Amino acid sequence: MNVHHLPGLGVGLVLWPALLPLLSDGGSGIDVVEIEPEFFWFETGDPREPMRLDTGILQQLAQLPQHKLVHGVAAPIGGTLGPQACQLQLMRDVVETLRAPWASEHLSFNAIPSGESRMDSGFLLPPLQTAEGATQAARNIVAMRQQLQLPVAVENNVNYLRPLPGELSDGDFITQVVQAADCGLLLDLHNLWVNEKNGRQPAREVLAQLPLDRVWEVHLAGGSQHRGYWLDAHSGLVNDEVMALAAETVPDLPNLRAIIFEMLPDYLPQVGLDQVRLQIERLHRLWALRRPRVSSPRAPSIEASQYNDATRAVPTPAAWEQALGTLVSGRPSGLNANAPFPADEPGVAILRELARNARAGQIASAAKLTTRLLLAHGGEAAFNAAFDPYVARHAPRQFASSEALAFLDDIQGTALSIPHLLEVARFESAVIRSALSRDERMTLFETDPLPLLAALAEGRPPARAYDAIPHRVTLRNGAVTRMQRVALRNGARDKSHA
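Thresholds, definitions, all that
Residues numbered from 1 in each chain as written. Predicted model: local features only at pLDDT ≥ 70, side-chain atom pairs only at ≥ 80, totals over all residues. Heavy atoms only, no water. Helix = DSSP H or I, 4+ residues; strand = E, 2+ residues; numbered from the N terminus. Rg over C-alpha atoms; globule rule 2.2 N^0.38 Å. Buried < 20%, exposed > 50% of the residue type's maximum accessible area, 1.4 Å probe, protein only. Contact = heavy atoms within 4.5 Å. Areas by Shrake-Rupley, 256 points an atom, 1.4 Å probe, with all protein chains shown as cover. Lys, Arg positive; Asp, Glu negative; His and termini not counted. Charge placed at Lys NZ, Arg CZ, Asp CG, Glu CD. 1 Å grid on protein atoms, 1.4 Å probe; cavity = no way out; pocket = protein on both sides within 12 Å on 5 of 7 lines; lining within 4 Å. Points joined across faces, edges and corners; volume = space filled by probe spheres on them. Pairing = 2+ DSSP bridges. Axes fitted to C-alpha atoms, helices over the stretch in contact; angles between N-to-C directions. Nonpolar A, V, L, I, M, F, W, Y, C, P; charged D, E, K, R; others polar. Phe/Tyr/Trp six-rings, centres within 6.5 Å; stacked < 30°, edge-to-face > 60°. Polar contact = N/O pair within 3.5 Å; in protein donor to acceptor, adjacent residues only side chain to side chain. Salt bridge = Lys/Arg side-chain N within 4 Å of Asp/Glu carboxyl O. Expected span 1.5 Å × (residues − 1). Parallel < 35°, antiparallel > 145°, perpendicular 65-115°, else oblique. Left-handed = near helix turned anticlockwise from the far one by under 90°.

A. Just the overall build of the protein chain, in detail. The helix and strand tally for the protein chain stands at 15 helices and 17 strands. A compact globule built from 498 residues should have a C-alpha radius of gyration of about 23 Å, and the protein chain, at 24 Å, falls within 12% of that. Taking the principal axes of its C-alpha atoms as reference, the protein chain extends roughly 85 × 60 × 40 Å. Counting only residues that meet the buried cut, the protein chain has 52% of its 498 residues in that class. The contacts in the protein chain between residues at least 6 apart in sequence include a share of 74% that link residues at least 24 apart. As displayed, the protein chain has an accessible area near 21500 Å², and 51% of this comes from carbon and sulfur atoms. Taken together, the 44 basic and 54 acidic charged side chains of the protein chain have centroids lying 6 Å from each other.

This is how it looks when you write it as structure tokens:
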């Protein structure tokens with residue numbers, strides 16, 4: 001593995017639209033922005049072109065002066081079902097447009113077989129940590145590298161499950177994967193610390209087992225506590241313990257090329273842009289601790305792990321993924337006798353809750369108006385009255401637009417007696433489908449839609465009643481082009497407005 005041609009990029013962050021102001025005031029010390037390519041992907045519903053790329057936003061990001069990296073979240077390489085060809089092609093289009101020197105993905109899985117196709121699990125899940133699992137992950141990495149035609153790094157995953165007797169330790173498993181694939185390592189130090197906090201292998205013990213010369217990139221993030229677990233929530237600034245771990249580790253990474261801060265945009269109002277700027281400054285102090293070396297660092301420890309008991313039988317990776325994926329997605333009612341988990345494994349319940357919250361978040365982001373109408377009618381109880389039956393009836397979708405469309409279609413088949421709910425759900429469904437298909441759609445309102453939609457767009461509760469004046473709304477490419485009053489019974493027709 002020759003890494004000397006990889007450029008040193010510096011300090012940066014995972015970029016979201018809410019963080020763009022940081023780039024407009026001289027860059028705030030941001031040398032590199034990392035892009036999640038799925039932000040530009042859409043499922044079309046057309047088997048001839050199942051996924052499509054939004055090239056407009058991508059071209060705008062390509063014009064930014066910062067270096068760019070591409071970090072995937074929808075095509076993880078840790079499972080027996082590797083990334084789909086259409087995903088890799090879109091990822092290649094993104095890395096070529098952004099001229100990224102390498103790409104990265106997660107050492108996780110998110111899909112399980114379902115008949116002749118595959119079902120999304122609703123969340124990034126930990127693979128089975130065996131030699132067979134490591135070999136499969138390495139094959140997926142090699143296939144991704146061949147398709148993308150550039151170097152690939154794999155990110156060490158979060159694991160909320162207790163170690164399974166017979167598994168490799170966290171450090172041993174990661175090492176076997178990256179050495180077999182001859183790839184880079186994206187070292188997420190917050191992930192290591194989270195695993196330690198939740199009872200898995202101590203972070204420093206993992207680091208002692210890793211080939212640190214393969215680390216090209218470091219991720220740092222904040223988290224939160226929930227039901228006795230520390231969550232990798234990307235919910236704020238990096239805490240002092242993780243920063244101290246980073247300060248110890250960075251000098252031992254001779255091929256480090258980038259340090260990246262991760263925070264979801266939902267938490268920006270609580271944190272503030274000024275605190276993000278200060279976080280970037282702290283990362284620059286870490287960057288200054290690098291000690292690039294020509295010689296190789298110390299060899300990783302190969303001592304047997306306390307978890308690696310070769311006398312204990314373990315399931316196959318496929319059986320593990322099928323059991324964990326179906327449990328987390330909420331399809332079965334509970335743990336079955338053949339599940340490769342102890343009956344009292346609490347991590348399954350945490351993963352199921354996180355997956356459920358992720359689905360709700362996708363709907364809230366892609367069907368904002370419908371979500372706000374439900375919340376305005378009766379708070380979380382009203383939203384859950386629609387969401388819980390939907391989850392019970394439908395498997396997860398990987399992309400927000402697909403999850404939202406399925407939810408909106410489901411609502412239209414229910415008997416929820418909430419004023420204007422069906423109209424707003426039909427409208428948002430038409431908006432999404434028009435944008436995806438790039439065509440023209442029409443939908444009907446029983447009232448004047450302008451004050452109703454304006455209230456929801458501004459986050460205000462809708463009025464108790466609106467004038468009963470039916471309207472037809474025309475959309476093209478996801479945008480409203482015309483609102484027209486429907487013909488009255490006497491044949492008169494009011495003026496339309498764009």
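What follows continues from the structure just given.
B. Main features of unusual backbone geometry. Phi angles above zero are rare outside glycine, and arginine 227 is one such case at about 50 degrees. Structurally, the position occupied by arginine 227 is in the loop between strand 12 (224-226) and strand 13 (229-231). On the basis of relative accessible area, arginine 227 is assigned to the exposed category, the value being 54%. In this model, asparagine 477 sits at a positive phi of 55 degrees, which is unusual for a non-glycine residue. As for its placement among the helices and strands, asparagine 477 is situated in the loop between strand 16 (471-476) and strand 17 (479-485).

C. Spatial organisation of the layout of surface pockets. Put simply, the second largest pocket is a space of about 630 Å³. Lining the second largest pocket are 32 residues, and of these Glu43, Met51, Arg397, Gln398 and Ser402 sit closest to its centre.

D. Structural view of the sheet that holds strand 14 (residues 258-262). Taken together, eight strands build a closed barrel; the order of strands is 1-2-5-6-9-10-11-14 and the barrel is parallel. With direction set aside, neighbouring strand axes in the sheet form an average angle of 30 degrees. Taken together, the four bridges between strand 10 (residues 184-188) and strand 11 (residues 215-221) define a ladder with parallel strand orientation. Within the sheet, the bridge partner assigned to leucine 187 lies in strand 11 and is valine 218. Most of the contacts of helix 3 (residues 131-148) go to strand 9 (residues 152-155), to which it runs at about 140 degrees, and overall it touches strand 6 (103-106) and strand 9. Against the sheet, helix 5 (residues 189-197) engages strand 9, strand 10 and strand 11, with an angle of about 60 degrees to strand 10.

E. How the structure looks around empty space enclosed by the protein. On inspection of all chains with the given rule, the structure shows one cavity of 30 Å³ or more. In this structure, the largest cavity occupies an estimated 60 Å³ of space. The set of elements that each furnish at least two residues to the lining of the largest cavity consists of helix 4 (170-181) and helix 5. In terms of residue count, helix 4 provides more of the lining of the largest cavity than any other element does, three residues in total. Tallied by class, residues from the lining of the largest cavity come to three nonpolar, five polar and two charged.

F. Local environment of the packing of aromatic side chains. Taken as a whole and judged by the stated rule, the model has 11 aromatic pairs. Geometrically, the ring pair formed by tryptophan 16 and phenylalanine 39 is edge-to-face, given 6.3 Å between the ring centres and 85 degrees between the ring planes. Taken together, the residues span a long stretch of sequence, with tryptophan 16 in the loop between strand 1 (10-14) and strand 2 (32-35) and phenylalanine 39 in the loop between strand 2 and strand 3 (41-46) at a distance of 23 residues. Ring geometry for tryptophan 193 and tryptophan 230: centres 5.3 Å apart, planes at 85 degrees, overall edge-to-face. Here tryptophan 193 is found in helix 5, whereas its partner tryptophan 230 is found in strand 13, with 37 residues between them in sequence. The burial state of tryptophan 193 is the same as that of tryptophan 230; both residues are buried. Among the aromatic residues, those joined into a ring-pair cluster are Phe383, Phe387, Tyr390 and Phe407.

G. Region of interest: helix 5. Most of helix 5 is tucked away, with seven of its nine residues classed as buried. Residues of helix 5 that are buried include every one of Leu189, His190, Asn191, Leu192, Trp193, Val194 and Asn195, and no others. Where helix 5 begins, the capping side chain belongs to aspartate 188, and its oxygen is found 3.1 Å from the backbone nitrogen of histidine 190. Two residues or fewer after helix 5 comes glycine 199, characterised by a positive phi angle close to 100 degrees.

H. Molecular detail of the pattern of salt bridges. For the structure on display, the rule yields 15 salt bridges. A salt bridge links glutamate 403 to arginine 359, with the shortest nitrogen-to-oxygen separation between them at 2.9 Å. With glutamate 403 in helix 13 (residues 400-411) and arginine 359 in helix 11 (residues 346-366), the pair connects residues that are 44 residues apart, well separated along the chain. Judged on exposure class, the residue glutamate 403 and its partner arginine 359 are both buried.

I. Representation of the environment of serine 429 within the structure. As for its position among the elements, serine 429 is in helix 14 (residues 421-437). The sequence separation of serine 429 and aspartate 409 amounts to 20 residues, and the corresponding C-alpha distance is 7.6 Å.

J. Representation of helix 14 in the model. With 17 residues, helix 14 should reach 24 Å at 1.5 Å per residue; the first-to-last C-alpha distance of 24 Å fits that figure. When helix 14 is considered as a whole, its buried residues turn out to be Leu421, Glu423, Val424, Ala425, Phe427, Glu428, Ser429, Ala430, Ile432, Ser434 and Leu436. One or two positions beyond helix 14, positive phi appears at arginine 438, with a value near 55 degrees.

K. The arrangement of the packing of helix 2 (residues 85-98) against helix 3 in detail. For the pair helix 2 and helix 3, the least separation of the axes is 9 Å and the interaxial angle reads 50 degrees. In terms of their interaxial angle, helix 2 and helix 3 are classed as oblique. As helix 2 packs across helix 3, the resulting crossing turns out to be right-handed. Mapping the contact onto sequence places Leu88, Gln89, Met91 and Arg92 in helix 2 and Ala143, Met144, Gln147 and Leu148 in helix 3.

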